[in-house]
2 protein chains.
Amino acid sequence: MNMRVKISDVAKVAGVSSSTVSHVLSGNRPISPEVCLRVRQVIESLGYRPNYAAKSLASHRTMKVGVVSDEISNSISGVLVEAMNRYLRENGYSMLLGVCEFKKENAINYLREFSSGMVDGVINMIGSVSVQEAARECKTVPTITYLRAHQECPVYYDRTSGIILALEHLWSLGHRKIGFIAVSDTNPETAVEEREIGYRQFFVRMGMQPDENLIVTGNNKIESGYIYAEKLMKAGATAIMASNDMMAVGVLQWAHQNQVRVPDELSVAGFDDAPIALAVAPTLTTVQMPIDILAEKTVNALISKIKGETPRQQEVLVPRLIIRNSTGKVKS
Amino acid sequence: MNMRVKISDVAKVAGVSSSTVSHVLSGNRPISPEVCLRVRQVIESLGYRPNYAAKSLASHRTMKVGVVSDEISNSISGVLVEAMNRYLRENGYSMLLGVCEFKKENAINYLREFSSGMVDGVINMIGSVSVQEAARECKTVPTITYLRAHQECPVYYDRTSGIILALEHLWSLGHRKIGFIAVSDTNPETAVEEREIGYRQFFVRMGMQPDENLIVTGNNKIESGYIYAEKLMKAGATAIMASNDMMAVGVLQWAHQNQVRVPDELSVAGFDDAPIALAVAPTLTTVQMPIDILAEKTVNALISKIKGETPRQQEVLVPRLIIRNSTGKVKS
DNA sequence: ATGAAAGCGCTAACAA
DNA sequence: TTGTTAGCGCTTTCAT
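Thresholds, definitions, all that
Residues numbered from 1 in each chain as written. Chains lettered and ligands numbered in written order. Predicted model: local features only at pLDDT ≥ 70, side-chain atom pairs only at ≥ 80, totals over all residues. Heavy atoms only, no water. Helix = DSSP H or I, 4+ residues; strand = E, 2+ residues; numbered from the N terminus. Rg over C-alpha atoms; globule rule 2.2 N^0.38 Å. Buried < 20%, exposed > 50% of the residue type's maximum accessible area, 1.4 Å probe, protein only. Contact = heavy atoms within 4.5 Å. Near = heavy atom within 4 Å. Polar contact = N/O pair within 3.5 Å; in protein donor to acceptor, adjacent residues only side chain to side chain. Nonpolar A, V, L, I, M, F, W, Y, C, P; charged D, E, K, R; others polar. Domains from an automatic or database assignment. Buried area = accessible area lost by both parts, 1.4 Å probe. Pairing = 2+ DSSP bridges. Axes fitted to C-alpha atoms, helices over the stretch in contact; angles between N-to-C directions. Least-squares fit on C-alpha atoms with pLDDT ≥ 70 in both.

Undergrad: Can you walk me through the overall build of chain A in this structure?
TA: Of the regular secondary structure elements, chain A holds 13 helices and twelve strands. On C-alpha atoms alone, chain A measures out to a radius of gyration of 26 Å, which is more than a quarter above the 20 Å that the 2.2 N^0.38 rule sets for 332 residues. If one aligns the C-alpha atoms of chain A with their principal axes, the spans along those axes are about 90 × 35 × 35 Å. For chain A, buried positions account for 54% of its 332 residues. Partitioning the contacts of chain A with sequence separation of at least 6, the portion at a separation of at least 24 is 70%.

The structure is reproduced here in structure tokens:
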């Protein structure tokens, strides 16, 4: 092992005690200016850096937060993780990221690993891990599960009304036969998938029976949109609402490949407002996830929890519709 | 602080010494089957989990690798980070990720933080941080800088010949006026941007002077493609080669908005083969980064370095052209 | 095959 | 304002 310079070395050279050096670094006890300066110079000249493990062992704090996510590239979760990272750093924390690749086993491992003194708090973003499971695995380490209907989650984002917002927009453009690409993943906190509920609710509210031929279930990926677009068109859809942007992009791709003009012959709407919504042509009308707010509130909630403050009541965020170029009046 | 169960508690209940428990866990000393079983049962029933900080303080190992990257969402780096994460875990390491948001200051901070006993090794993916700088900040901690021409980097990927590959393809389709969107970011290890070199080299090889009106410099983002597409078309380009996929997507977007049909009226090629290359319509012809191989070789090199093995010689990977639907014969 | 005990490098309570 | 010292919870050498 490399003989690194330690706090006692600094103390010796500076002619003070280790605890003085420690306090110069932490700043939580008054130090005379001269001593402070001298210690800092010695630290500089010796190239001293505090040992992280020793520090956290002694102080019972790591200033680290563990985040478990299924993926980070090519999806809205990456944007979210980046935003959380930003807020964590603003509060002096570093992020330890566990990427699980949709394997629950990985997620559980990360939660266990993280909570054995590795971090001060955990953010669980894994859809298949419930609030209770996360809390159980993390034992005494403060844990926040991201975006669930469950009371203990600091923020919740109402996907049901998000879908309704988009459907109202399509309806106002004259669309009546609106295809819907649902998703099967239901999180453990809600019995049924919220976006599909929104779809069904909307049509009932409009005095219509939702047409089962216009409802298909995808896998959140581009391919689902591509595959189901044709089926929905054949079923008479003049517009397609997808449960996320990736599947909406798949629909656009199918349309392009089959000379179906968007939005003239087919309107397409997505959900999330992922970066890709702006990259495709035509740009995608979509329901926006307020990523920054979600990240901030989640991080803040965790930090309060770490500090032992009593949690605030759950906040419910209202979705916003972003109208771009993939939706238009129904063809007459 | 929470009174967590520690190794001595397990030892007491199991009627053995702490060191025996430790060895049951690590497996690096023979233990009698009965003792082993008893200890494991006690561990289970007490819900014991080793304290991470104490472990690394005593063992001088963290089994963690720090990765510094500018971004993770919406770019090829996220895919790469995910791939590295996979290989690291296969080797028993966890990843500590530092997202720097293109601020060099953040990068330096992460490198310093990581190398103060927080990780066993560091992977530097920040373009503006040179091999030397990274090594300096990380002191005695083994460090690998990702994808540089520099000798000490385990893999290198020849972008110059990658561009030439794509240009040969366009040339064979009859294109002679090929616009090029370069990028200004040059990494500290190479004096000039390699992709631009490739472009210039190609035309010289074809016995032509590269036309300066057909060369513009973008910022790696979609908007650059969008902005420069028009300029390059006006300069007579029948095809546009972009230095990355995002800018190529910007060109597609401009084309779509201006009723320029791709590839009938304009061919477009990108670089990287980011996920978005498959999401757009038409799908993008591009030069593929061998992400998985790059990730594996980089991770393996770091792990060897951690183990103190002598580094192997740098490996140079050959790019591959992926022909999709955004390139076609020049219009006659 | 197992135990005893000396640290790892730091923080924080207590003393001065 | 500063120093002394007792741990933090584990690994690992040395003994047995």
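Undergrad: It is not clear to me how the protein's contact with DNA strand D should be interpreted in this structure. Could you clarify?
TA: Near DNA strand D, the surroundings consist of 28 residues, among which Thr-20, Arg-29 and Ser-32 of chain A together with Ile-7 and Tyr-48 of chain B are the closest. Of everything in DNA strand D that lies within 4 Å of the protein, sugar and phosphate atoms constitute 62%. Within the contact set of DNA strand D, a base oxygen lies 3.4 Å away from a backbone nitrogen or oxygen of Ala-58 of chain A. In this structure, a base nitrogen belonging to DNA strand D sits 3.4 Å away from a main-chain N or O atom of Ala-54 of chain B. Secondary structure elements with two or more residues in the surface near DNA strand D: α2 (18–26) and α4 (52–59) of chain A together with α2 (18–26) and α4 (52–59) of chain B.

Undergrad: Looking at this structure, I do not really get the protein's contact with DNA strand C. What am I missing?
TA: Looking at DNA strand C, there are 27 residues lining it, with Ile-7 and Tyr-48 of chain A together with Thr-20, Arg-29 and Pro-30 of chain B nearest. Each atom of DNA strand C within 4 Å of the protein was assigned to sugar, phosphate or base; sugar and phosphate come to 63%. Ile-7 of chain A is positioned with one of its backbone polar atoms (N or O) 2.4 Å from a phosphate oxygen of DNA strand C. In the environment of DNA strand C, a base oxygen lies 3.5 Å from a nitrogen or oxygen atom belonging to the backbone of Ala-58 of chain B. For the surface near DNA strand C, the secondary-structure elements that each account for two or more residues are α2 and α4 of chain A together with α2 and α4 of chain B. The element that contributes the greatest number of residues to the surface near DNA strand C is α4 of chain A, accounting for four residues. By residue class, the composition of the surface near DNA strand C is eleven nonpolar, eleven polar and five charged.

Undergrad: Where do I start with the domain arrangement of chain A in this structure?
TA: Reports often express the size of an interface as the amount of accessible area lost when the parts come together. Residues and elements named next belong to chain A. The domains assigned to chain A are domain 1 (7–50), domain 2 (60–156 + 291–317) and domain 3 (158–289). Computed over C-alpha atoms only, the centres of domain 2 and domain 3 are separated by 29 Å. Every contact between the two is made by 19 residues of domain 2 and, on the other side, 13 residues of domain 3. Carbon and sulfur atoms make up 62% of the surface buried where domain 2 meets domain 3, a total of about 1,100 Å² over both sides. Ranking the residues of domain 2 by area buried against domain 3 places Ile-76, Leu-147 and Tyr-156 at the top, with a combined share of 39%.

Undergrad: Help me understand the sheet that holds strand β4 (residues 143–145) of chain A in this model?
TA: Within a sheet, adjacent strands bond to each other through the backbone by hydrogen bonds, running parallel or antiparallel. Residues and elements named next belong to chain A. With parallel pairing, the four strands of this open sheet are ordered in space as β2-β1-β3-β4. Strands with a single pairing partner mark the edges of an open sheet, and in this sheet they are β2 (94–99) and β4. Here the average twist between neighbouring strands, direction ignored, is 20 degrees. Across the sheet, helix α5 (residues 76–90) touches β1 (64–69), β2 and β3 (121–124), and the angle it forms with β2 is around 155 degrees.

Undergrad: Would you mind showing me how to read the relation of the copies chain B and chain A here?
TA: Each of the two chain copies can be brought onto the other by rotation about an axis and movement along it. For the pair chain B and chain A, the superposition axis carries a translation of 0.0 Å, the fit reaches an RMSD of 0.1 Å, and the rotation angle comes to 180 degrees. Such a combination of rotation and displacement between the chain copies is what one expects of a two-fold axis. Both copies present the same face, since 98% of the interface residues in chain B are matched by interface residues at the equivalent positions in chain A.

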